[in-house]
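Next come the chains, spelled out residue by residue.
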Amino acid sequence: QILLERGVTMDLVVGDFDSIGFRPDHPNVVDLPVEKDDTDMMAAIRLGRERGFRSFCLYGGTGGRVDHTLANLQSLLYLRRRGARGYMYDDDFLWTVMENESLTIQRTVEWGLFSAFSLGDRAEGIDETGFQYPLENAVLTAEFPLGVSNHILEPEATIRVRRGALAVGWQLAPLSE
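The model shown is predicted, which means the values in this text are computed figures rather than measured ones.

An account of the side chain of histidine 26 is requested, with residue identities and associated values reported.
Residue placement: histidine 26 occurs in the loop between strand 1 (13-15) and strand 2 (29-31). Histidine 26 gets classed as buried once you look at its relative accessible area, which sits at 15%. Within the structure, the side chain of histidine 26 is placed 3.0 Å from the backbone nitrogen of asparagine 28, a separation counted as a polar contact. With near-sequence residues (within four places) excluded, histidine 26 lies in contact with Met10, Asp11 and Val13.

Right under this line is the structure:
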């Protein structure tokens, strides 16, 4: 309902709808059983991939239960490893996953926050340019949050990871603006 109120067009609405208590009024609803192995988000991602989608915008994947937020970050890695890209939005932050690649992002707010976290034991050969705290050939590990709360200084900033997977997120302009 929130997405409809904000004018977001959805291709599919997938879920068991147990947490919202009603079935959404949408022409493309896929009902899932409550008892299943996948989260609703992962089931939606799998269905989207089966239908040929390669880019996924995930809404409502943060801010609820922490276990589901972590599962949704893992789902972004699932997509990346299958040649697709997922973007997970909350009110003012955007997350994606990168692996053995470079990504250039646009600064969307002055002094905008940026964070990067290893999605495995370690990610190596990390360069971050255009940030308050640049990195050159650095290592991020899952045991120490070195990549949290950097700031984007330039109109474009680039992060590169030569070996490993990173969850990266950056601040967006608030939805109310």
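Read on, since the account is not over.
Outline the nonpolar core, listing residues and values.
Formed by 20 residues in total, the largest nonpolar core has its most connected members in Ile105, Phe114, Ile126, Ile159, Leu166, Val168 and Trp170. When residues of this core are traced back to their parent elements, those giving at least two are strand 5 (93-106), strand 6 (112-118), strand 7 (122-129), strand 8 (135-141) and strand 10 (156-171). Here the element with the most residues in this core is strand 10; it accounts for six residues. Those residues in contact with isoleucine 105 that sit more than four places away from it in its chain are Phe114, Phe131, Ile152, Pro155, Glu156, Ala157 and Trp170.

Residue-level account of the side chain of threonine 96, with values.
Within the secondary structure, threonine 96 is located in strand 5. Within the local environment of threonine 96, its side chain forms a polar contact with the backbone oxygen of glycine 86, the two atoms lying 2.7 Å apart. Not counting the four nearest positions on each side in its chain, threonine 96 is found in contact with Leu76, Arg85, Gly86, Tyr87, Leu103, Leu166, Ala167, Val168 and Trp170.

Can you break down the pairing of strand 8 residue by residue, with the values?
In this sheet, strand 8 lies alongside strand 7 in antiparallel orientation, the contact comprising four bridges. Considered in strand 8, the bridge of alanine 123 is made with leucine 140. Here strand 7 folds back onto strand 8 in antiparallel fashion, the turn holding five residues, of which glycine 130 has a positive phi close to 90°.

Which residues make up unusual backbone geometry, and what values do they have?
Even without being a glycine, asparagine 137 presents a positive backbone phi close to 50°. Relative to the helices and strands, asparagine 137 resides in strand 8. Unusually for a residue other than glycine, serine 149 sits at a positive phi of about 60°. Relative to the helices and strands, serine 149 is located in the loop between strand 8 and strand 9 (150-152).

Just give me the short version of the pattern of salt bridges, but keep the residues and values in it.
Oppositely charged side chains can pair when the atoms bearing their charge come close. Evaluation of the coordinates by the stated rule reveals 12 salt bridges. Glutamate 99 is paired through a salt bridge with arginine 81; the nearest N and O atoms lie 2.8 Å apart. On the criterion of sequence distance, the pair formed by glutamate 99 in strand 5 and arginine 81 in the loop between helix 3 (66-80) and strand 4 (85-89) is long-range, its members being 18 residues apart. Among the salt bridges present, the one from arginine 85 reaches glutamate 101, with a minimum N-O distance of 2.9 Å. In this pair, arginine 85 is assigned in strand 4 and glutamate 101 in strand 5, connecting sequence segments 16 residues apart. Taking the relative accessible area as the measure of exposure, arginine 85 reaches 12% and is therefore buried. On the basis of relative accessibility, which here comes to 15%, the residue glutamate 101 falls in the buried class. By sharing partners, the salt bridges in this structure join Asp16, Lys36 and Asp40 into a single network.

Definitions and cut-offs
- Residues numbered from 1 in each chain as written.
- Predicted model: local features only at pLDDT ≥ 70, side-chain atom pairs only at ≥ 80, totals over all residues.
- Heavy atoms only, no water.
- Helix = DSSP H or I, 4+ residues; strand = E, 2+ residues; numbered from the N terminus.
- Buried < 20%, exposed > 50% of the residue type's maximum accessible area, 1.4 Å probe, protein only.
- Polar contact = N/O pair within 3.5 Å; in protein donor to acceptor, adjacent residues only side chain to side chain.
- Contact = heavy atoms within 4.5 Å.
- Core = buried A, V, L, I, M, F, W, Y, C linked by side-chain atoms within 4.5 Å.
- Pairing = 2+ DSSP bridges.
- Salt bridge = Lys/Arg side-chain N within 4 Å of Asp/Glu carboxyl O.

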